[in-house]
Amino acid sequence: MIISKHADSPAYNFYGNTDTGLTLRWGETMEANPLRAPWPELADISISNHCTKGCAFCYRNSSDDGSFMTLKDYETVLAALTHPRYGSVFQVALGGGEPLEHPRFYDLLQTTKDRGIVANFTTNGEHMDRALANKLEGLVGAVALSIHTMSDYLAHKARLLMEAGIKVNVHFVLDKESLPEAIALLNGKYNELLAGINAVIFLTYKPKGRAVRNDCLSISDERFNKFVHSIDHNECDMRIGFDACFVPVLLRRTTVDADYIDSCECGFFSVYIDEKMNVSPCSFANDQRFRFNLRRYTLHEIWNEQFAGYRLMMLGNPCADKTCANAAHCRGKCYYYEQLSFCHRSA
Ligand SMILES: C[S@@+](CC[C@H](N)C(=O)[O-])C[C@H]1O[C@@H](n2cnc3c(N)ncnc32)[C@H](O)[C@@H]1O
């Protein structure tokens, strides 16, 4: 199904293909970039804070006594994400907690599909088996398997998903500890192990929740610079991608075409909703200034009124490096974490 949206002005246009996952966005001309969407294109929804794995670096501090979003609340959220004129979000990224531990997970996926929204989810993969993988066919756009070291990669689980015709990505948390394996991955060392994977997405380690160790990437670490250098020369068979926090590095220090890089989309094109129906621009926000509950506000109020201050704050956070050729494309370093500033050394 093709979804094509036009705002009331020609300054925002969106095209999305739910079969292929391809999305395009443009402004008055194909070259122009809209500042924000009149309605979010993507919602990152945490459907629980329940997870039995207990990763030491979990930014959500999820545990085996964490709570679940009910199916009813999830339906309320999807209804709230549907605008009378602009329609619904194009896709949802479901996380948690561990999605496969949600007792109504398949009902959540089905109700998402019934609304014409693409559902993607991330999982630690531990509960995946052939029956679960087969049930996912036709219900999801893609599944991401999360890893922190290559030994976390459950190749047999990935294979079950691929055999069921599901597109599989790997989400690789990038911190000081995982850098050597990340460099080896870019150098092609794991091509055989990762055969069939659509893309490896590197997620910048955020110091939140249980991730309190000083494991953030650092520009003073030569291994980090080696990793950045390897991006342009990578020998991966699969595609590679990065989360928004890495964008300043890509723009400043690689030859990746700026037209293919989206600056941080949080609060401008995407929104985060937690299992208690709190809406924030970003899942990693470390304060509650721009957090609004859907029981109290409509999404229209949150998106168009309450987030206005957030956007002003973000736009007033420009990069200090005036020498960067791509400064115009960049929204500067992460507003929330001073530590996630590693595209250049300050003078
Ligand atoms: C919190 S998990 C929840 C979903 C699911 N349990 C999983 O393992 O994918 C969502 C994503 O956040 C990533 N993540 C967890 N802690 C992180 C941190 N401190 N910094 C960056 N990413 C993190 C995980 O690797 C995963 O891809």
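Counting restarts for each chain, with residues numbered from 1 along the sequence as it is written. Thresholds applied to this predicted model are a pLDDT of at least 70 for local features of residues and 80 or more for the giving and counting of side-chain atom pairs; totals over whole chains, interfaces and linings are not thresholded and use all residues. Neither water nor hydrogens contribute to the side-chain values; these are computed over all heavy atoms in the structure.

Considering the packing of helix α8 (residues 299–306) against helix α9 (residues 308–315)
A fitted line through C-alpha atoms serves as each axis, taken over the contacting stretch for helices, and the angle formed by two N-to-C directions is quoted from 0 to 180°. Put simply, DSSP H or I for four residues or longer makes a helix, DSSP E for two residues or longer makes a strand, and each gets a number counted from the N terminus. Closest axis-to-axis distance for the α8/α9 pair is 5 Å, and the angle between their directions is 35°. The residues of α9 that touch α8, namely those facing W303, N304, E305 and Q306, are A308, G309 and R311. The classification used treats Ala, Val, Leu, Ile, Met, Phe, Trp, Tyr, Cys and Pro as nonpolar, Asp, Glu, Lys and Arg as charged, and all other residues, Gly among them, as polar. Of the residues assigned to the contact of α8 with α9, the class counts are 2 nonpolar, 3 polar and 2 charged. Contacts: residue pairs with any heavy atoms within 4.5 Å of one another.

A few points about the site of the ligand
Residues are classed as near a molecule or strand on a simple rule: at least one heavy atom within 4 Å of it. Contacts to the ligand come from 18 residues, most closely from F57, G97, E98, S146 and K206. Taking T122, its side chain carries an N or O atom lying 3.1 Å from an oxygen atom of the ligand. Definition of a polar contact: a pair of N or O atoms within 3.5 Å, with one able to donate and the other able to accept a hydrogen when the atoms are protein atoms, and with sequence-neighbouring residues admitted only if both atoms are side-chain atoms. At 2.9 Å, a backbone N or O of K206 approaches a nitrogen atom of the ligand. Notes on the ligand: free accessible area 540 Å², of which the protein chains cover 92%. Of all the secondary structure elements, the ones that give two or more residues to the shell around the ligand are β6 (118–123), β8 (168–174) and β9 (199–204). All accessible-area figures derive from a Shrake-Rupley calculation using a 1.4 Å probe, and residue coverage is judged against the displayed protein chains alone.

So, the nonpolar core
Grouped together as the largest cluster of nonpolar side chains are 107 residues, with contacts concentrated most on I45, F227 and F246. When residues in this core are grouped by element, the largest group, 6 residues, is from helix α5 (residues 179–186). With sequence-adjacent residues up to four places away left out, I45 is seen in contact with M69, Y74, V77, L78, L81, V92, A93, L94, G95 and I273. By nonpolar core is meant a set of buried Ala, Val, Leu, Ile, Met, Phe, Trp, Tyr and Cys residues that side-chain atoms within 4.5 Å join together. Accessibility here uses a 1.4 Å probe with only protein chains present; expressed as a share of the type maximum, an area under 20% marks a residue as buried, one over 50% as exposed, and anything in between as partly exposed.

Considering the sheet that holds β8
Strand pairing within a sheet occurs via backbone hydrogen bonds; the two strands may be parallel or antiparallel. Strands are labelled as partners when DSSP assigns at least two bridges between them. Strand order in the open sheet made by the 10 strands is β10-β9-β8-β7-β6-β5-β4-β11-β12-β13, with mixed pairing throughout. Of all strands in the sheet, those with a lone pairing partner are β10 (239–242) and β13 (292–293), marking the two edges. Both strand β11 (residues 270–273) and strand β12 (residues 278–280) contribute to a ladder of 2 bridges, which runs antiparallel. From the neighbouring strand, Y272 faces β12, where its bridge partner is S280.

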